[in-house]
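One-letter residues, chain by chain:
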Amino acid sequence: VGPKLFQYVLKVLVQSVQLLYTLLRIEQPSYILFQQNPPGLPSIAVAWVAGLWWGSKLIIDWHNYGYTIMSLSHGRSHPLVLIAKWYEKLFGRLSDYNLCVTDAMKKDLWVNFKIKAVTLYDKPASYFKETPLELQHSLFMKLAKDYEPFRPRYYRAVSPSADRSAFTERDGSSGGVLKSRGRPALLISSTSWTDVSALTSVLSSPDYEMFIKEGAELPALVCVITGKGPLKDYYNGLIKNLHLKHIQICTPWLEAEDYPLLLGSADLGVCLHKSSSGLDLPMKVVDMFGCCLPVCAIHFECLHELVKHNENGLIFRDSQELAKQLKMLFLGFPSLEGKLASFRENLRASRQLRWDQSWDQTVLPLLGNRG
């Protein structure tokens, strides 16, 4: 009820009371870890007050700035944005420890806020890993019940009882699972549906289909776009109006346990995340790398701290460059040679840390030495 500003202020006050009431009822903590920021209003201030009450130390884990996200809709000079920036700067200085997700953010926190932080890169959880072929087959057969792109390309000619998906099939004699011959390439993108125009531009352009008509050894594509957001229905409407012969686009609803399995079964990930501050890294790419899934990611300032161009993936700046990268990566698919296979091998060889290992190495010594 009332003007937007009044509603916002009232919401912040109500949340402050609720959160403080909850924090003061818990057992006395040695540390209060605020993860993740943003959103930080009103949580950081409430956590700081609770820390004073308990005599606890406050740790802020910076993943981005709330004021830069607000500026996307209000502009950098809006009073609310300026207040949010002042708020984050003040309470960031009042915290006992600060963690951040990139070296670029660590530098920015010091230069602009005079806040000392330790870089703690996001790492995948242990369940993000390559999916065994048997599990891939079970997942594809499950999804094929509801989504046509997971069924064999010419599934009307296949017996409904056949143990076959678009990507895998069970061998009748041995009972083992095999990759289907002539299978399409599986491309996956996780999004909040505010940033998929580059991908839909590539998939709707005639370039990829024309390349196949001209004789290039390119596979059909199944593009799976996961996630939810306010523009999902809008983009689904655009997708339905596309008339493509060699590209199928699917926007499934996935159960939580199926998402890492699908990442571990895909051939290529596409990331369209653009940072509001240019200082954070997309968690979706971290999860893809945990599954040894190569990535094409849209460029922003500090992305090189995660995606190493021509080593574990490719970085593109627009839909035209992404289209060229897809053609290059999938030429001769599913050959075990070429850039795509090389990127996957590099990811396997990197033996990257998992989240709990990274925490133990970076944060526990910090608390143990200074706490």
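Thresholds, definitions, all that
Residues numbered from 1 in each chain as written. Predicted model: local features only at pLDDT ≥ 70, side-chain atom pairs only at ≥ 80, totals over all residues. Heavy atoms only, no water. Core = buried A, V, L, I, M, F, W, Y, C linked by side-chain atoms within 4.5 Å. Buried < 20%, exposed > 50% of the residue type's maximum accessible area, 1.4 Å probe, protein only. Helix = DSSP H or I, 4+ residues; strand = E, 2+ residues; numbered from the N terminus. Contact = heavy atoms within 4.5 Å. Salt bridge = Lys/Arg side-chain N within 4 Å of Asp/Glu carboxyl O. Right-handed = clockwise from strand over helix to strand, strands pointing away. Phe/Tyr/Trp six-rings, centres within 6.5 Å; stacked < 30°, edge-to-face > 60°. Axes fitted to C-alpha atoms, helices over the stretch in contact; angles between N-to-C directions. Left-handed = near helix turned anticlockwise from the far one by under 90°. Nonpolar A, V, L, I, M, F, W, Y, C, P; charged D, E, K, R; others polar. UniProt positions renumbered as here; feature names shortened; annotations may be inferred. Pairing = 2+ DSSP bridges.

This paragraph deals with the nonpolar core. A general feature of soluble globular proteins is that nonpolar side chains tend to end up buried together. Within the largest apolar cluster, 36 residues are counted, with the highest numbers of intra-cluster contacts made by Phe150, Leu186, Ile188, Val224, Leu262, Leu263 and Val307. Looking at this core, the elements that each hand over two or more residues are α6 (133-144), β7 (185-190), β8 (221-226), α10 (258-263), α11 (283-290) and β11 (295-298). Once residues lying within four places of it in the same chain are set aside, the contact partners of Val307 are Val285, Phe289, Ala297, Asn312, Gly313, Leu314 and Ile315.

Moving on, we get to the pattern of salt bridges. Scanning the entire structure with this criterion turns up eight salt bridges. Taking the shortest distance from any N to any O, the salt bridge between Arg348 and Glu130 comes out at 2.8 Å. Of this pair, Arg348 sits in helix α13 (residues 339-350) while Glu130 sits in the loop between β4 (118-119) and α6; the two residues are 218 residues apart in sequence, bridging distant segments of the chain. For Arg348, a relative accessible area of 36% corresponds to the partly exposed category. A salt bridge links Glu345 to Arg348; the nearest nitrogen and oxygen atoms lie 2.4 Å apart. Here Arg348 and Glu345 lie together in helix α13, a separation of three residues that amounts to about one turn. By relative accessible area, which is 44% here, Glu345 ends up partly exposed. Through salt bridges with shared partners, a single network forms among Glu130, Arg344, Glu345 and Arg348.

Here the focus is the pairing of strand β9 (residues 247-250). Across the two faces of β9 the burial is the same, with Ile247 and Ile249 and Gln248 and Cys250 all buried. Where the polypeptide runs from β8 across helix α9 (residues 232-240) and back to β9, its parallel neighbour, the crossover connection is right-handed.

Overall, the coordinates contain 14 aromatic pairs when judged by the stated rule. Centre to centre, the rings of Trp62 and Phe113 are 6.5 Å apart; their planes meet at 65°, and the pair counts as edge-to-face. In this pair, Trp62 is assigned in strand β2 (residues 57-62) and Phe113 in helix α5 (residues 103-113), connecting sequence segments 51 residues apart. Here the two residues Trp62 and Phe113 agree in accessibility, since each one is buried. Through a chain of ring-to-ring contacts, the aromatic side chains of Trp62, Tyr65, Tyr67 and Phe113 assemble into a single cluster.

Here we come to the packing of helix α1 (residues 4-23) against helix α2 (residues 43-54). It is at 10 Å that the axes of α1 and α2 come closest, and there the two elements cross at 30°. Relative to α2, the crossing made by α1 is right-handed. Each of Ser16, Leu19, Leu20 and Leu23 in α1 lies in contact with α2, whose residues at this interface are Ser43, Val46, Ala47, Val49, Ala50 and Trp54. Residues belonging to the contact of α1 with α2 are distributed by class as follows: eight nonpolar, two polar and no charged.

One can find Asp108 in helix α5. Those residues within four positions of Asp108 in sequence are excluded, and the remaining contacts are Tyr65, Phe113 and Leu279.

Mapped onto this numbering, the UniProt entry annotates "domain: Glycosyl transferase family" (unreviewed entry) at residues 217-328. Secondary structure across residues 217-328 divides into 29% helix and 20% strand, with the first and last C-alpha atoms of the span separated by 11 Å.

A separate point is the pairing of strand β12 (residues 313-316). Because side chains alternate across β12, one face comprises the buried residues Gly313 and Ile315, and the other comprises Leu314 and Phe316, equally buried. Pairing of β11 with β12 involves four bridges; the strand directions are parallel. If you follow Cys296 over to β12, its bridge partner there is Leu314.

Right, let's get into the sheet that holds β11. Strand order in this open sheet of six strands is β9-β8-β7-β10-β11-β12, and the pairing throughout is parallel. Among the strands making up the open sheet, the edge pair consists of β9 and β12. Averaged over all pairs of adjacent strands, the angle between their axes in this sheet comes to 20°, without regard to strand direction. Here β8 runs beside β9; their pairing, made up of four bridges, is parallel. Each residue of the ladder has a partner; that of Leu221, found in β9, is Ile247. Strands in contact with α11 are β7, β10 (268-271) and β11; relative to β10, the strand with the most contacts, it is inclined by about 170°.

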